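Single-letter residue listing:
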Amino acid sequence: MLTPLGRLDKYAASENIFNRQMVARSLLDTLKEVSDDERDCIAVLERISRLADDSEPTVRAELMEQVPHIAMFCQENRPSIPYAFSKYLLPIVVRYLADQNNQVRKTSQAALLVLLEQELIERYDVETKVCPVLIDLTAPDSNDDVKTEAVAIMCKMASMVGKDITERLVLPRFCEMCCDCRMFHVRKVCAANFGDICSVVGQQATEEMLLPRFFQLCSDNVWGVRKACAECFMAVSCATSQEVRRTKLSTLFINLISDPSRWVRQAAFQSLGPFISTFANPSSSGQYFKEEDGKNPEDCGSAQEDSEQVRTTEDVTTEDEHNSTEDLSSHVDNDDFVTKLENAVEDQNTVSNNSQRESDFQTESSFRCTLSSESCGEMAEESERSSHCCTAGLREAGLNSQETSLSEQELYNSFHFWRTPLPEIDIDFELQQTSEIILNREIQELTMPVSSNIPMATRKELEEMIENLEPHIDDPDVKAQVEVLSAALRASSLDPQEETMASVGKGTDSQTELTINDQQNFKPILGDIVPLIGDTVENMDSTLHYIHNDSDLSTNSSFSPEEERKSKVQDVVPQALLDQYLSMTDPSRAQTVDTEIAKHCAYSLPGVALTLGRQNWHCLKDTYETLASDMQWKVRRTLAFSIHELAVILGDQLTAGDLVPVFNGFLKDLDEVRIGVLKHLHDFLKLLHLDKRREYLYQLQEFLVTDNSRNWRFRAELAEQLILLLDLYSARDIYDYLRPIAFSLCADKVSSVRWISYKLVSEMVKKLYMASTSTFVIDLMNELVEKFCRCRKWSGRQTFVFICQTISEDDCLPMDQFAVHLLPHLLHLASDRVPNVRVLLAKTLKQTLLEKEYFLNSANSHQEAVEQTIMALQMDDDNDVKYFASIHPASTKIADDAMSTASSTY
């Protein structure tokens, strides 16, 4: 009988191609047989080297397919076969990269990537054996096909070999290949993998070496190269700085969007949304939030100190302050605004001293920042308790502010002022409780002489401020500050009559401004909430306009706050990019670019909304409504699947106003659209207030009706969502609205729907039992008995057993309560005339109930009744019933056995 080596030699020398293929396929098995002997292993590896010289391409390709498996074996047995892979196998892989046969080359390329991915090639071998060969294959005189494939391999292996090797060995040749004038296929491969290279080498190498090449590729005369650039634009943008992204890449992308080739424009529009998302930062998205514990009225002092602990990172404050300044300038009296400049210095010192503590309150979870209905309720209750504390604090702060000396103006620093945390004025709670107080105080102030102690900036001081800021006018924030101060300067030069008329209200305005500042300080007192930054931007316009409606000198009454918000231009992303994105809903785009361009717009809309932030939602609102009413159901389906994420981004106020109507429309749409809403029904409803959430209880029944009755997955998803919705509704709502739907699903024709429904009913029993009112759970169990246990159809009685089994397994009900309300009816089914019911009963009693401690350790009448029922089932006429009543619980799987007795699927 031939030894493994002898058999290998015999067939390797055969003239039959199939024999040599079989040898290549059996190399791993042969190596395993001789693995105990190091010499035999080396002999097999040497024969592999000789087999690699076979003239038949199919043999060489078969051999290369086995190399990764042989290399893995060698790695596992490294002590007995040292350096086997590096000496015998790697040279074969590298040599085959330049093989004349295309199949052999493709196989060797795939093998090389697998070996790199599994980290089977040493770093030294990568530098000395792999990379030099690839560099040679990309030489100018190399074969065109081989050169193209080698460039692709270099790009794909970059992420596996790391930044150091890529920068030293791969990057220089890659840059040369980007400028290959003869082969556009090479440039196309470079363009397609440009983003991967950028992500590996990092920002500095990307901006210094790669971006010039990328600009050349984006203006290539072959449209396929430009299209590849458009497709990888987002990855390239992620590897650059914000400045380069805004000043250079945005202009370059606009050129691709207006490219003469339709295919380039199509790829560019598909990448537009992802590219815009690379401009996202916490300050513009508005997703930073602070966590404050609920404050009691006696904690007013500490609350005032902690109220300054808002996000203070540079990115958060700079752009938001710019936006808030524009809002303030349109509503606050210019003279009072100067007063605010003076009072902001002391607050900022507090902020800078507590910067370390403030950083602890910053959380970067951008998709989990939404107020729950419970927290809103607590906020309302807390605000009632702390309203008198706020009032007292406002009066005390008003007196203290009058004692502020003019010397503080000398300490004024524009950097300090413009980094003041945004005021958080909630119109829903603040104004309802303090509006009457404020109005009363305004009336009192009008009848009192104006206090001469209130610090006011003189005209000379305003001119000095503007003069100091003019050298930095290029900064948008400084420019906005200069504009506000200039307006204040113009207001100070009113004629004497106007000054006389304005002097009556000046004290009132100043006092009101102090009231607003104090409202900001006492904001955290109003409940245990997670206030979002974006809410400030939404509410500030209407709040300040309400308070200052009698003394606003700079607001044009012909423009409503809504119109002003729409007229503002966002500064998060270049406006040209946003305009192009908004144009994707234009019907002409579908004809000139892509028929599915609206779908791509809808797909990337949540990312764009997160980038712009909720304060700029007005820029996207019309586009979103247009997409929601698009004629293509695929567009509406895309929005339906992402509406819950958009709701998290926008917050509860904008969700209630702008998304709920769209959500309601989706509920009445095609099943293809409704399934998107249904899959995330719990995620969306939990973001709504309780009263708004209850309105959907009446519509849940509509999900049972589908366009196609065979669409059972729709009903299965409904059951899954109802399980989650149990946590959002009260016991009465569950009993009145969710219970009928659950019972209907338990009688569904499809077994998969019924199985989920059993879980739903058991969780419903658990929820109702834990409620303060226990009558609901008793009524529910009584209805289970009446509807299923006494059902005329055997499938209904079987359903009752399944539900009892699930309740027992998941401990949804204490065993003593189960024994009182459900067990007697369950044991009554031992005499059921249908064997399937008795079989399932035997399983439930033997494998579930008797395993419970209640029936194991305590002797009671219920235990005796169960044992007597099992004895009766052991003497049943049906063999299956006898088997499951006698079998040991551990010898079978409950779920598998239960499924085997389930009724037919349809």
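Because the structure is predicted, anything quoted here is derived from the model rather than measured.

Student: Can you lay out the overall build of the protein chain for me, pointing to particular residues and giving the numbers?
Tutor: Scanning the protein chain from N- to C-terminus turns up 50 helices and zero strands. Going through the 906 residues of the protein chain one by one, you find that 54% of them count as buried. Here the analysis covers contacts within the protein chain between residues at least 6 apart in sequence; of these, 77% occur between residues at least 24 apart.

Student: Quick one: what's the story with the packing of aromatic side chains, residue by residue and with numbers?
Tutor: Tallying each qualifying case throughout the model produces 18 aromatic pairs. Measuring from centroid to centroid gives 5.6 Å for Phe-743 and Phe-788, while their planes differ by 90°, and the two rings are edge-to-face. Of this pair, Phe-743 sits in helix α40 (residues 731-746) while Phe-788 sits in helix α42 (residues 775-789), placing them 45 residues apart in sequence. Here Phe-743 matches Phe-788 in class, with each residue buried. Every member of this aromatic cluster is reached through a ring pair, and the members are Phe-174, Phe-194, Phe-214, Phe-233, Phe-253, Phe-275 and Phe-279. One cation-aromatic arrangement involves Arg-739 over Tyr-735; the distance from NZ or CZ to the ring centre is 4.3 Å. One residue, Lys-843, lies across the ring of Phe-884, its end atom 4.5 Å from the ring centre.

Student: With reference to specific residues and values, describe the nonpolar core.
Tutor: The nonpolar side chains of a soluble globular protein tend to be buried with one another. Phe-194, Phe-214, Leu-685, Phe-800, Phe-818 and Leu-826 are the most contacted members of the largest nonpolar core, which has 165 residues in total. Broken down by element, the residue count for this core peaks at 15 residues, all from helix α35 (residues 633-667). Of all hydrophobic cores here, the second largest spans 55 residues; its members include Ile-48, Val-104, Leu-120 and Val-146.

Student: Run through the confidence of the model for the protein chain, naming residues and quoting values.
Tutor: Looking at the protein chain as a whole, the pLDDT averages 74, with 66% of positions reaching at least 70. Here residues 287-457 is a poorly scored stretch, pLDDT under 50, and it has 332 contacts once near neighbours within four places are set aside; other chains count.

Student: How would you explain unusual backbone geometry if you had to name every residue and give the values?
Tutor: Backbone geometry at Glu-119 places phi at a positive 55°, although glycine is not the residue there. Its location among the elements puts Glu-119 in the loop between α7 (102-117) and α8 (123-137). Using a relative accessible area of 69% as the deciding quantity, one classes Glu-119 as exposed. Positive phi, close to 55°, is recorded for Asp-811, a residue that is not glycine. Note that Asp-811 resides in the loop between α43 (794-809) and α44 (815-821).

Student: Go over the packing of helix α10 (residues 163-178) against helix α12 (residues 194-201), please, and point to the residues and values.
Tutor: One can describe the packing of α10 onto α12 by two numbers: an axis separation of 10 Å at closest approach and a directional angle of 145°. In this structure, α10 meets α12 at a crossing whose hand is left-handed. Across the interface between the two elements, Lys-163, Thr-166, Glu-167, Leu-171, Phe-174 and Cys-178 of α10 pack against Phe-194, Ile-197, Val-200 and Val-201 of α12. Looking at side-chain class alone, the contact of α10 with α12 contains seven nonpolar, one polar and two charged residues.

Student: Can you break down the pattern of salt bridges residue by residue, with the values?
Tutor: Any two side chains of opposite charge can pair, on the condition that their charged atoms come close. Under the criterion given, the structure shown has 35 salt bridges. Across the pair Asp-748 and Arg-715 runs a salt bridge, and its minimum N-O distance is 2.5 Å. On the criterion of sequence distance, the pair formed by Asp-748 in the loop between α40 and α41 (751-770) and Arg-715 in helix α39 (residues 712-725) is long-range, its members being 33 residues apart. Note that Asp-811 and Lys-852 form a salt bridge whose closest N and O atoms lie 2.8 Å from each other. Taken together, the residues span a long stretch of sequence, with Asp-811 in the loop between α43 and α44 and Lys-852 in the loop between α46 (835-847) and α47 (853-856) at a distance of 41 residues. Taking relative accessible area as the criterion, Lys-852 reaches 15% and is therefore assigned buried. Residues participating in the shared-partner salt-bridge network are Arg-123, Glu-127, Asp-164 and Arg-168.

Student: Describe the environment of Gly-607, naming the residues involved and giving the relevant values.
Tutor: Counting through the fold element by element, Gly-607 comes out in helix α33 (residues 597-612). Since its relative accessible area comes to 30%, Gly-607 is described here as partly exposed. In this structure the C-alpha to C-alpha distance between Gly-607 and Ile-649, which are 42 residues apart in sequence, comes to 9.4 Å.

Student: Could you give an account of the side chain of Arg-105, naming the residues involved and the relevant values?
Tutor: Relative to the helices and strands, Arg-105 is located in helix α7. There is a polar contact of 3.2 Å between the side chain of Arg-105 and the side chain of Asn-102. Arg-105 has contacts with Tyr-96, Leu-97, Ala-98, Asp-99, Gln-100, Asp-145, Val-146 and Glu-149, leaving out every residue within four places of it along the chain.

Student: So what's going on with the packing of α41 against α42? Which residues, and what values?
Tutor: At a minimum axis distance of 8 Å, the contact between α41 and α42 shows a crossing angle of 150°. With respect to α42, the axis of α41 lies roughly antiparallel. Together, Val-761, Met-764, Val-765, Leu-768 and Tyr-769 of α41 and Phe-776, Val-777, Leu-780 and Leu-784 of α42 make up the contact between the two elements.

Cut-offs used in this document
- Residues numbered from 1 in each chain as written.
- Predicted model: local features only at pLDDT ≥ 70, side-chain atom pairs only at ≥ 80, totals over all residues.
- Heavy atoms only, no water.
- Helix = DSSP H or I, 4+ residues; strand = E, 2+ residues; numbered from the N terminus.
- Buried < 20%, exposed > 50% of the residue type's maximum accessible area, 1.4 Å probe, protein only.
- Contact = heavy atoms within 4.5 Å.
- Phe/Tyr/Trp six-rings, centres within 6.5 Å; stacked < 30°, edge-to-face > 60°.
- Lys NZ or Arg CZ within 6 Å of the ring centre and 35° of its normal.
- Core = buried A, V, L, I, M, F, W, Y, C linked by side-chain atoms within 4.5 Å.
- pLDDT = per-residue confidence, 0-100.
- Axes fitted to C-alpha atoms, helices over the stretch in contact; angles between N-to-C directions.
- Left-handed = near helix turned anticlockwise from the far one by under 90°.
- Nonpolar A, V, L, I, M, F, W, Y, C, P; charged D, E, K, R; others polar.
- Salt bridge = Lys/Arg side-chain N within 4 Å of Asp/Glu carboxyl O.
- Polar contact = N/O pair within 3.5 Å; in protein donor to acceptor, adjacent residues only side chain to side chain.
- Parallel < 35°, antiparallel > 145°, perpendicular 65-115°, else oblique.

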